[in-house]
Amino acid sequence: MLVVLTLALLGPWIAPYSPLEMIGGIYGQPEKVALLGYDFLGHDVLSRVLSGGWSILWMSFAASSVALVIGSLLGILAGFSRKRLDQVITWLADVALAFPDFILVLLIISMLGRQPWLIVLTVSVTFIPSVIRLSRSSTVSVASQEFVEVAQMMGFSRRRILLKEILPNILTPLLVHFGNMLTWSVALLAGLSFLGYGIAPPAADWGLMINENRAGFLIQPWAVLVPALMIAVYAYAANIIAEGIGRSNARIGERS
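Presented here is an overview of the structure given in this document.

Conventions we followed
Residues numbered from 1 in each chain as written. Predicted model: local features only at pLDDT ≥ 70, side-chain atom pairs only at ≥ 80, totals over all residues. Heavy atoms only, no water. Helix = DSSP H or I, 4+ residues; strand = E, 2+ residues; numbered from the N terminus. Buried < 20%, exposed > 50% of the residue type's maximum accessible area, 1.4 Å probe, protein only. Contact = heavy atoms within 4.5 Å. Areas by Shrake-Rupley, 256 points an atom, 1.4 Å probe, with all protein chains shown as cover. Lys, Arg positive; Asp, Glu negative; His and termini not counted. Charge placed at Lys NZ, Arg CZ, Asp CG, Glu CD. 1 Å grid on protein atoms, 1.4 Å probe; cavity = no way out; pocket = protein on both sides within 12 Å on 5 of 7 lines; lining within 4 Å. Points joined across faces, edges and corners; volume = space filled by probe spheres on them. Nonpolar A, V, L, I, M, F, W, Y, C, P; charged D, E, K, R; others polar. Salt bridge = Lys/Arg side-chain N within 4 Å of Asp/Glu carboxyl O.

The subject of this paragraph is the overall build of the protein chain. In terms of helices and strands, the protein chain carries eleven helices and zero strands. In the protein chain, the succession of helices and strands from N to C terminus is α-α-α-α-α-α-α-α-α-α-α. Its C-alpha atoms give the protein chain principal-axis dimensions of roughly 75 × 45 × 25 Å. Per-residue burial for the protein chain yields a buried fraction of 43% across its 256 residues. Intrachain contacts of the protein chain at a sequence separation of at least 6 include 71% that bridge at least 24 residues. As displayed, the protein chain has an accessible area near 13500 Å², and 68% of this comes from carbon and sulfur atoms. For the protein chain, the distance from the average position of its 16 positive side-chain charges to the average position of its 14 negative side-chain charges is 10 Å.

Put into structure tokens, the structure is as follows:
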């Protein structure tokens, strides 16, 4: 994860050429001045790879963060109220879960456009229902604990109980789910770019690079393999981090 983050953040500064500069032949082979060869327009593949990680990095993190914040707040409210508000929020989450994520994202973006902020918002909307279900179920189990009942008897406000008593005790499963959402968002964003609904060309983007250069895969495979490898490493690292958080919490629970 640190390698991918470093390349995504510092890549544009250390790239030997501009990602838009055409300096070689179409699908040119690797050489001394272009270690990974050239793409379908003669761009330096290494420069495009170094410059193409920032978009998928910030968009996946932003989409997962928005979904985590909104979904957690709604789920905590639903789980703590256990009244009509709970029924409404749960019903809306169940309805949203009935739609396939990728199809819903494609539908919205094809109608409204593919601006980066809209892509982030659309992807986050598809993740919010699962966060609501997780945070609600966790809140229901925590809300019945003695320390929450004591806080209510002492007259603490609902806001303080939700933020000070309940949220810290359900944070671990939410963080695990955040890591899973990072993995899912990377897959969604890369798939959108591959289908032509993500970052618009000629901008550098790992998913877009796979789509642009797949026709010449047998001639110049590095233009496809390297961005695909970067996407896979980022997604796998996010998944491993999420599993690590869950295992650490399990060990702490066993010791306590």
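Now that the structure has been shown, we can carry on.
Moving on: the layout of surface pockets. By volume, the largest pocket amounts to about 200 Å³. Lining the largest pocket are 13 residues, and of these Met-1, Phe-61, Phe-178, Leu-182 and Ile-241 lie nearest its centre. Elements that contribute at least two residues to the lining of the largest pocket include exactly helix H3 (53-81), helix H9 (171-195) and helix H11 (222-255). Within the lining of the largest pocket, the residues separate by chemical class into twelve nonpolar, one polar and no charged. Of the voids in this model, the second largest pocket is the one considered here, and its volume is about 160 Å³. Together, Leu-74, Ile-89, Leu-92, Ala-93, Val-95, Ala-96, Phe-99, Ile-128, Pro-129 and Ile-132 line the second largest pocket. Breaking the lining of the second largest pocket down by element, the ones donating at least two residues are helix H4 (84-97) and helix H6 (116-143). For the lining of the second largest pocket, the element with the most residues is H4, which contributes five residues. By residue class, the composition of the lining of the second largest pocket is ten nonpolar, no polar and no charged.

Think of it this way: side chains of opposite charge can pair up when their charged atoms draw near. On inspection of all chains with the given rule, the structure shows four salt bridges. The salt bridge involving Arg-48 is made with Glu-212; its shortest N-O contact spans 3.3 Å. Of this pair, Arg-48 sits in helix H2 (residues 45-51) while Glu-212 sits in helix H10 (residues 206-213), and the two are 164 residues apart along the sequence. In this structure, Arg-48 and Glu-212 share a single accessibility class: buried. One salt bridge connects Arg-136 with Asp-86, and the closest N-O pair in it is separated by 2.7 Å. Here the residue Arg-136 occupies a position in helix H6, and Asp-86 occupies one in helix H4, the gap between them amounting to 50 residues. The class of Asp-86 is buried, set by a relative accessible area of 6%. Salt bridges sharing common partners tie together Asp-39, Arg-48 and Glu-212.

Tracing the backbone shows Asn-239 in helix H11. Since its relative accessible area comes to 26%, Asn-239 is described here as partly exposed. Distance in space between the C-alpha atoms of Asn-239 and Val-176 is 8.8 Å, their sequence separation being 63 residues. Among all residues touching Asn-239, those that are not within four sequence positions of it are Asn-180 and Thr-183.

According to the stated counting rule, one finds one cavity of 30 Å³ or more in the structure shown. Of the pockets and cavities examined, the largest cavity occupies roughly 50 Å³. In this structure, the largest cavity is lined by Ile-56, Met-59, Ile-119, Leu-189, Leu-192, Ser-193, Gly-198, Ile-199 and Asp-205. At the level of secondary structure, the elements contributing two or more residues to the lining of the largest cavity comprise H3 and H9.

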